[in-house]
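Overview (structure and organization)
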Amino acid sequence: MPRFYVTTPIYYVNDAPHVGHAYCTVNADALARWHRAVGDEVFFLTGTDEHGQKVARAAEEHGVTAQEWTDRLAPRFAEAWAELEISNDDFIRTTEPRHRQAVQRFLGTIYDNGWIVKDTYAGLYCVDCEQYYAADELVDGNRCPVHGRVVETLEEENYFFRLSAFQDRLVEWYEAHPDAVVPESKRNEALSFIKGGLQDISITRTSIDWGVPVPWDDRHVFYVWYDALVNYLTAIGYGEEGPHGATFERWWPAVHHLIGKEIIRFHCVWWPAMCMAAGIDPPAAIQVHGWLLVGGEKMSKSKLNQITPGELIADFGVDAVRYHLLRDTPLGSDGELSVEGIVARYNADLANNLGNLVARVATVVGSKCAGVGPAAPASGRLARAVPGLVDEAVAGWARGLPHLGLEAAWKVIREANAELERVEPWKADPGPVVDDALGGALEALRLVALLVSPAMPGTAAEIWRRIGLPGVPGDGGPGHELAWGGYRGGVGVEKGPALFPRRRG
Ligand SMILES: [Zn+2]
């Protein structure tokens, strides 16, 4: 059975969950659901990143310990994901004992292998990123390119990971694995950064103590980023007994990291090198996505342009929000988030196309077929047109590009609506022509429910139920096949309330 281990970045616990976080998490969820539906074994991980100076400072400002502070904040992410019906199998917090154990084991192995050494470092540091920047990366001479915050000069003695020693091996790895980082533009960005020359990186701090202690020198803690990356290993048992832990070999390196473009260097340069240094394979797949912009700017805590997932769900419903996030901003591109954009997409795709098809089919089955759905016809326009579109949708999902899967599913919906308008079964007398037209439309709805269920699980299940099928789409039960002809008919079709009532704005 193929395995699919999918991860989101772990989110910084100080941030409030916003739609930018939701964008990545909903995409990872849709991919996880698709792989489960086609029978793959899936493990889906998300969580929170809880160490570092910013967290320690915020806790101090609020007069609580850092642990109390993170205990208060972490549940906001778990709650946001519950509201969005995220189907993660694990939620990792980097302050958990299992994570400390994995970090110490992983970085301890790199140290034992001779790839971590002590040195003095001075550099320009953004407290928000918890990252040093080179002078030429700064904006306006002294500002962080992500936050626009003035960087600080910091000097400390600490331990360095000998990243420079991995330049050639990283280039070889990229050349041997041309599809490991997608899209290609991001792969090229990472590769040219590597080819430009790599410097050793400072991976510990003595100036703070809110972190995982360095096992061979307890005056130091690991710098938050190097602790955070290890979460992908912790969750699959790396720190546990045995060579790597009981389930580690089961899931690694067949991992699919979904990340934002601002963390390419950490994931596409540092992380594969650290894996090599620890003697494990680098991750098999890293998929880089763009940013959801509001008024042209990335959402962030300091910019006060955050929209919460909860606000949108209250307004549009969970499936419409999920659909918008998956459909309107293709993975790899930047997108613009606006209420006008959501309303336009909602009315065009959900109210007019999908909602209309579901409603008219059920109405006409009620009036012409006494509410009993006819079987899919073996031939006819839909039988010819739809299978190719289903293949197109399957290919989109299989490539990890939900927008392509959904685009093709909407072609099926438009074909089915067009065919009903051509035949006009509502004007005809009951008989074979009406049966074929309605059976074809019901079959199209069955297939659409299967194709959209990773994006809109609740809506897909409701369509499935209304057209009289047992179970839920994607559960592998009867009517689950993606080939044309799975709708056998002879079952009650229910006309319910509008799935997506049209909106004015
Ligand atoms: Zn920054």
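Look up a bit, the structure's there.
Residues numbered from 1 in each chain as written. Predicted model: local features only at pLDDT ≥ 70, side-chain atom pairs only at ≥ 80, totals over all residues.

1. So, the overall build of the chain
- A count of helices and strands for the chain gives 17 helices and 18 strands.
- Since a compact globule built from 505 residues should have a radius of gyration of about 23 Å, the 26 Å found for the chain is in line with a globular shape.
- If you line up the chain on its principal axes, its C-alpha atoms span 85 × 45 × 40 Å.
- Taking all 505 residues of the chain together, the buried fraction comes to 47%.
- Pairs at least 24 residues apart make up 75% of the contacts formed inside the chain by residues separated by at least 6 positions. (Helix = DSSP H or I, 4+ residues; strand = E, 2+ residues; numbered from the N terminus. Rg over C-alpha atoms; globule rule 2.2 N^0.38 Å. Buried ≥ 20, exposed ≤ 12 C-beta atoms within 10 Å, placed from the backbone. Contact = placed C-beta atoms within 7 Å.)

2. Structural notes on the sheet that holds strand S9 (residues 201-202)
- Taken in spatial order, the four strands make up an open sheet running S6-S5-S7-S9, and their pairing is antiparallel. Each having just a single partner strand, strand S6 (131-133) and S9 make up the two edges of the open sheet.
- Relative to S9, strand S7 (residues 152-161) runs antiparallel, the two sharing two bridges. Bridge pairing in S9 places Phe-160 opposite Ser-202. (Pairing = 2+ DSSP bridges.)

3. Observations regarding unusual backbone geometry
- Here Val-182 and Pro-183 are connected by a cis peptide whose omega angle stands at -5 degrees.
- Checked against the element boundaries, Pro-183 lands in the loop between strand S8 (181-182) and helix H6 (184-195).
- Cis rather than trans, the peptide bond between Trp-252 and Pro-253 has omega equal to 5 degrees.
- Residue placement: Pro-253 occurs in the loop between helix H9 (248-251) and strand S12 (255-260).
- One non-glycine residue, Glu-85, lies in the positive phi region at around 55 degrees.
- The topology assignment puts Glu-85 in the loop between helix H3 (66-83) and strand S4 (90-93).
- Judged by C-beta crowding, with 16 C-beta atoms within 10 Å, Glu-85 ranks as partly exposed.
- Despite not being glycine, Asp-140 has its phi angle at roughly 55 degrees, a positive value.
- Tracing the backbone through its elements, the reader meets Asp-140 in the loop between S6 and S7.
- Here Asp-140 falls in the exposed class, since 8 other C-beta atoms lie within 10 Å of it.

4. Regarding helix H10 (residues 264-277)
- Over its 14 residues, H10 runs 19 Å from end to end, which matches the ideal 20 Å to within 8%, given 1.5 Å per residue.
- The largest bend in H10 comes to about 35 degrees, at Trp-270, with the proline Pro-272 one to four residues further on.
- With respect to burial, H10 is a largely interior element, 10 of its 14 residues being buried.
- Every buried residue of H10 is accounted for by His-267, Cys-268, Val-269, Trp-270, Trp-271, Pro-272, Ala-273, Met-274, Cys-275 and Ala-277. (Expected span 1.5 Å × (residues − 1). Bend = angle between axes of the 7 residues up to and from the residue.)

5. A word on the sheet that holds strand S16 (residues 335-336)
- The strand order S15-S14-S16 describes an open sheet built from three strands, whose pairing is mixed. With one partner strand each, in any of the chains shown, strand S15 (297-298) and S16 form the two edges of the open sheet.

6. What about the packing of helix H11 (residues 309-316) against helix H12 (residues 318-328)?
- Closest axis-to-axis distance for the H11/H12 pair is 7 Å, and the angle between their directions is 120 degrees. For the element pair H11 / H12, the angle class is oblique. Contacts between H11 and H12 pair Pro-309, Leu-312, Ile-313 and Phe-316 from the former with Val-318, Ala-320 and Val-321 from the latter. (Axes fitted to C-alpha atoms, helices over the stretch in contact; angles between N-to-C directions. Parallel < 35°, antiparallel > 145°, perpendicular 65-115°, else oblique.)

7. Notes on the packing of helix H1 (residues 19-37) against H12
- H12 packs onto H1 with a crossing angle of 90 degrees between their chain directions and a minimal axis gap of 9 Å. The orientation of H1 relative to H12 falls into the category roughly perpendicular. For the pair H1 and H12, contact is made by Ala-22, Tyr-23, Val-26, Asn-27 and Ala-30 and by Arg-322, Leu-325 and Leu-326, respectively.
- For the contact of H1 with H12, the residue count by class is six nonpolar, one polar and one charged. (Nonpolar A, V, L, I, M, F, W, Y, C, P; charged D, E, K, R; others polar.)

8. A short note on the nonpolar core
- Ile-110, Met-274, Val-361, Val-412, Ala-441, Leu-445 and Val-448 are the most contacted members of the largest nonpolar core, which totals 147 residues.
- Sorting elements by how many residues they give to this core places helix H16 (residues 432-452) first, with 13 residues.
- Apart from the residues within four sequence positions on either side, Leu-445 is in contact with Leu-357, Val-358, Val-361, Ile-463 and Ile-467. (Core = buried A, V, L, I, M, F, W, Y, C linked by C-beta atoms within 7 Å.)

9. Let's talk about the environment of Thr-70
- Relative to the helices and strands, Thr-70 is located in helix H3.
- Spatially, the C-alpha atoms of Thr-70 and Thr-48 are 9.2 Å apart, while their sequence positions differ by 22 residues.

10. Considerations on the pairing of strand S13 (residues 285-289)
- Judged by how many residues are buried, S13 sits mostly within the fold: four of five residues are covered.
- Two elements, S8 and S13, share two bridges in a ladder whose sense is parallel. Residue pairing across strands places Val-181 opposite Ile-286, the latter belonging to S13.
- As defined by bridge partners, S12 adjoins S13 across five bridges and the pair is classed as parallel. Note that in S13 the partner of Ile-259 across the bridge is Val-288.
- Note that the unit made of S12, H10 and S13 has a crossover that is right-handed. (Right-handed = clockwise from strand over helix to strand, strands pointing away.)

11. Details of the pairing of S7
- Two strands pair when backbone bridges link them, and strand S5 (residues 116-126) and S7 are joined in this way by 10 bridges, in the antiparallel orientation. Its bridge partner lying in S7, Gly-123 is registered against Leu-154.

12. Quick word on the environment of Ala-28
- Mapping Ala-28 onto the fold places it in helix H1.
- In sequence terms Ala-28 and Glu-60 are 32 residues apart; their C-alpha atoms lie 34 Å from each other.

13. Notes on the environment of Ser-338
- Looking at where Ser-338 falls in the secondary structure, it is placed in the loop between S16 and helix H13 (339-368).
- Since 14 C-beta atoms lie within 10 Å of it, Ser-338 is described here as partly exposed.
- Sequence separation of Ser-338 and Tyr-487 is 149 residues, and the distance between their C-alpha atoms is 39 Å.

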